[in-house]
Amino acid sequence: MHICVIGTGYVGLVTGLCFAEFGLNVTCVDNDEKKITLLKKGTVPFYEPGAEEMLQRNLKGERIHFTSNMGDAVDASLVIFIAVGTPPRGDGSADLKHIKDVAKEISRHIKSYKVIVTKSTVPVGTGEWLQKIISNNLKEHVDFDIVSNPEFLREGAGIEDFIRPNRIVIGASSAQAVAIMKDLYRPLYLIETPFVITDVKTAELIKYASNAFLATKISFINEIANLCETLGANIQVVARAMGLDRRIGSKFLHAGPGYGGSCFPKDTLALLQIAKENNVKLGVIEATVKTNDLQKKKAVDKIKGAMKLSKENTICILGLSFKPNTNDMRDAPSLSIIRGLLKEGVNIRAFDPVAMDDAKKFFPHITYCKDAFDAAKGSDAVVIVTEWNQFRNLDLKRIKKLVKGKFFFDLRNIYEADKVRDIGFRYYSLGRP
Ligand SMILES: NC(=O)c1ccc[n+]([C@@H]2O[C@H](COP(=O)([O-])OP(=O)(O)OC[C@H]3O[C@@H](n4cnc5c(N)ncnc54)[C@H](O)[C@@H]3O)[C@@H](O)[C@H]2O)c1
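Residues numbered from 1 in each chain as written. Predicted model: local features only at pLDDT ≥ 70, side-chain atom pairs only at ≥ 80, totals over all residues. Heavy atoms only, no water.

In terms of nonpolar packing, the biggest core is built from 63 residues, with Ile-315, Ile-317, Leu-318, Leu-320 and Leu-341 touching the most fellow members. Residue assignment places this core across two domains, with domain 2 (208–290) and domain 3 (295–428) each supplying three or more. When sequence neighbours within four positions are dropped, the list of residues in contact with Ile-317 reads Ile-337, Ile-338, Leu-341, Ile-348, Arg-349, Ala-350, Phe-351, Val-383 and Val-385. Counting 43 residues, the second largest nonpolar core, distinct from the first, contains Ile-3, Phe-46, Val-147 and Ile-180. (Core = buried A, V, L, I, M, F, W, Y, C linked by side-chain atoms within 4.5 Å. Buried < 20%, exposed > 50% of the residue type's maximum accessible area, 1.4 Å probe, protein only. Domains from an automatic or database assignment. Contact = heavy atoms within 4.5 Å.)

The following block contains the structure:
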């Protein structure tokens, strides 16, 4: 079967690569010519573990192709996945500009039956809207079906998540489209992946509800961490004990400087906007968003509360991406933390294993260092912002010799307080005595 995937970002490329790996003939389309040139040469334009090997293998096997010409790709494919970005507008609602451009372009090129699938996270009702846009722009009558097949992969583990998903959601109103989609995902039946077959609107909402729930778990545990801090209780023990209850589960119960990334912040806001447009109040999600904003500020307040910051100070920031194993800086907590610190006039020395080039777009004037030790040199404080594995077991004695000051802020609770204090640091973490 021939399929095409429009948009070769984190979701589109992983989707294309994994379907090629399943043996399908895949054409990936992007209007960013630079990306397409790199991908044709076997280079992945962003950091996603395992993606480059998979790309090279499937290029060699001629199962994956790249183009910026949507026409030929659409013409040759039975199934068209749309995986372009849906960034937030000023009011938080999802901007469907890229989806609309793609829909119009698709309608100019379809000559036979197609299944048109939204993989992008799109507001409830987008399926119906797409149906109209495409029908209105067709040159001649052609049958097509719209399917919602939201993606749940995590950046940094995208390939593993795509190949071994917790579930596949297919929203469609046509039995033919469902049968084609099931056929595409057939390899996953062999590992008994649960399939949820439903209508388009329900599928669209499943994605927002899932992300909003995960974001809520994070805001919840961050609030409990703040309470622990005041009471002298230990959030890590509280979270572990809570997580052992299977009704709660241990995932997403780690206190930190607030959630970030390309999904939770924008999807929670978009869901609130969908609810507002429909006169429904989502009080829990409103609170989740508010708590998260406060949590980001709290991280800076913690540093400001512990040390008097001035332009004489240098702060070492370890970790810039919104989470480990990605270079994605979208809504990363490091952005608000660095902005907050820069307001105090301090100098920043930063290191991240893969996100420094991306961070330079936000902060061209801070100092980027070659590793954690280089970043620590002459600093008054070390701040762990992203819990990359290489920061979990740093040679703290060596760091201590390099720094000027004694402050150590572990915003991910990855160190044991006593051990860091024994080395001579003034250690601060979140929600631990
Ligand atoms: N990143 C994630 O972890 C993740 C997970 C699940 C769902 N999603 C959703 O998937 C969608 C894509 O996210 P992403 O992170 O992959 O985005 P991205 O920004 O990394 O990639 C989007 C790609 O689409 C391309 N594009 C934009 N307009 C185009 C057009 N008219 N024609 C062809 N290509 C076009 C861009 O050049 C870019 O390469 C979003 O709706 C997002 O919410 C993302």
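Picking up after the structure, the text goes on.
Below, the discussion takes up the side chain of Asn-58. Along the chain, the position of Asn-58 falls in helix α3 (residues 51–60). A distance of 2.9 Å separates a polar atom in the side chain of Asn-58 from the backbone oxygen of Met-54. For Asn-58, the residues in contact, after removing those within four places along its chain, are Leu-17, Ala-20, Glu-21, Arg-63 and Ile-64. (Helix = DSSP H or I, 4+ residues; strand = E, 2+ residues; numbered from the N terminus. Polar contact = N/O pair within 3.5 Å; in protein donor to acceptor, adjacent residues only side chain to side chain.)

Let us now look at the pattern of salt bridges. Counted under the stated rule, the structure contains 24 salt bridges. Of the charged contacts, one joins Lys-97 and Asp-101 as a salt bridge, the two residues approaching to 3.5 Å between their closest N and O atoms. Here Lys-97 pairs with Asp-101, and both are found in helix α5 (residues 97–109), just four residues apart, close to one helical turn. Relative accessible area serves as the criterion here: at 42%, Asp-101 is assigned to the partly exposed category. (Salt bridge = Lys/Arg side-chain N within 4 Å of Asp/Glu carboxyl O.)

Turning to the site of the ligand, a few remarks are in order. Around the ligand, a shell composed of 26 residues is seen, among which Asp-30, Lys-35, Thr-86, Glu-155 and Lys-266 lie nearest. Within the backbone of Asn-31, a nitrogen or oxygen atom sits 3.3 Å from a nitrogen atom of the ligand. Interatomic distance of 2.7 Å between a side-chain N/O atom of Glu-155 and a nitrogen atom of the ligand. When the ligand sits alone it has 830 Å² of accessible area, and the protein chains cover 89% of it. (Near = heavy atom within 4 Å. Areas by Shrake-Rupley, 256 points an atom, 1.4 Å probe, with all protein chains shown as cover.)

The subject of this paragraph is the sheet that holds strand β4 (residues 79–82). Taking strand neighbours across the sheet as the criterion, the eight strands line up as β3-β2-β1-β4-β5-β6-β7-β8 in an open arrangement whose pairing is mixed. Pairing within the sheet leaves two strands with one partner each, and these edge strands are β3 (64–67) and β8 (195–198). Mean inter-strand twist for the sheet, computed between neighbouring axes without regard to direction, equals 20 degrees. Strand direction decides the pairing type here: strand β1 (residues 2–6) and strand β2 (residues 25–29), joined by five bridges, are parallel. Residue pairing for β2: Val-5 is matched across the bridge by Cys-28. Helix-sheet contacts for α5 involve β1, β4 and β5 (114–118), and the interaxial angle to β4 is about 160 degrees. Across the sheet, helix α8 (residues 175–184) is in contact with β1, β4, β5, β6 (144–148), β7 (168–172) and β8; its angle to β4 comes to roughly 80 degrees. (Pairing = 2+ DSSP bridges. Axes fitted to C-alpha atoms, helices over the stretch in contact; angles between N-to-C directions.)

A few words on the packing of helix α13 (residues 283–306) against helix α14 (residues 333–343). Here α13 crosses α14 at 40 degrees, and the two axes come no closer than 9 Å. By the angle between their axes, α13 is oblique relative to α14. For the pair α13 and α14, the sense of crossing is right-handed. Between α13 and α14, the residues in contact are Lys-296, Ala-299, Val-300 and Ile-303 and Pro-333, Ser-336, Ile-337, Gly-340 and Leu-341, respectively. Residues belonging to the contact of α13 with α14 are distributed by class as follows: six nonpolar, two polar and one charged. (Parallel < 35°, antiparallel > 145°, perpendicular 65-115°, else oblique. Left-handed = near helix turned anticlockwise from the far one by under 90°. Nonpolar A, V, L, I, M, F, W, Y, C, P; charged D, E, K, R; others polar.)

It is worth spelling out the environment of Thr-326 at this point. Topologically, Thr-326 is positioned in the loop between β9 (314–318) and α14. Each C-alpha atom of the pair Thr-326 and Trp-388 lies 9.7 Å from the other, and the pair is 62 residues apart in sequence. Beyond its immediate chain neighbours, meaning those up to four positions away, Thr-326 contacts Tyr-10, Tyr-47, Glu-155, Ser-321, Val-354 and Trp-388. Among the polar contacts listed, one links the side chain of Thr-326 to the backbone nitrogen of Asp-328, at a separation of 3.1 Å.

Another point: α14. Listing the buried residues of α14 in full gives Pro-333, Ser-334, Leu-335, Ile-337, Ile-338, Gly-340 and Leu-341. Following α14 by one or two positions, Gly-345 has its phi on the positive side, about 90 degrees.

Across a sheet, paired strands are connected by hydrogen bonds in the backbone, their directions being either parallel or antiparallel. Taken in spatial order, the six strands make up an open sheet running β11-β10-β9-β12-β13-β14, and their pairing is parallel. Only two strands of the sheet have a single partner each, and these edge strands are β11 (367–368) and β14 (426–428). Pairing analysis gives four bridges linking strand β12 (residues 381–384) to strand β13 (residues 407–410), with the strands arranged parallel. Looking at the pairing, Ala-381 lines up with Phe-407 of β13. Across the sheet, α13 touches β12, β13 and β14, and the angle it forms with β13 is around 160 degrees. Sitting on the sheet, α14 touches β9 and β10 (347–351), and the angle it makes with β9 is about 180 degrees.

Another aspect to go through is the pairing of β6. In terms of residue burial, β6 counts as a mostly covered element, since five of its five residues are buried. The two faces of β6 match: Phe-144, Ile-146 and Ser-148 on one face and Asp-145 and Val-147 on the other face are all buried. Sheet topology note: the β5/β6 ladder contains five bridges and is parallel. Bridge pairing in β6 places Lys-114 opposite Phe-144. Between the parallel pair β5 and β6, the chain is carried across by helix α6 (residues 126–137), and the sense of this crossover is right-handed. In this structure, β6 lies alongside β7, joined through two bridges in antiparallel fashion. What sits directly across from Ser-148, in β7, is Gly-171. (Right-handed = clockwise from strand over helix to strand, strands pointing away.)

With respect to the helices and strands, Pro-187 occurs in helix α9 (residues 186–189). On a C-alpha basis, the gap between Pro-187 and Phe-22 in space is 6.9 Å, while along the polypeptide they are 165 residues apart.

Located in the positive-phi region is Glu-192, a residue other than glycine, with phi close to 55 degrees. One can find Glu-192 in the loop between α9 and β8. Classification of Glu-192 as exposed rests on a relative accessible area of 70%. The phi dihedral of Asn-325 is positive, around 70 degrees, even though this residue is not glycine. As for its placement among the helices and strands, Asn-325 is situated in the loop between β9 and α14.

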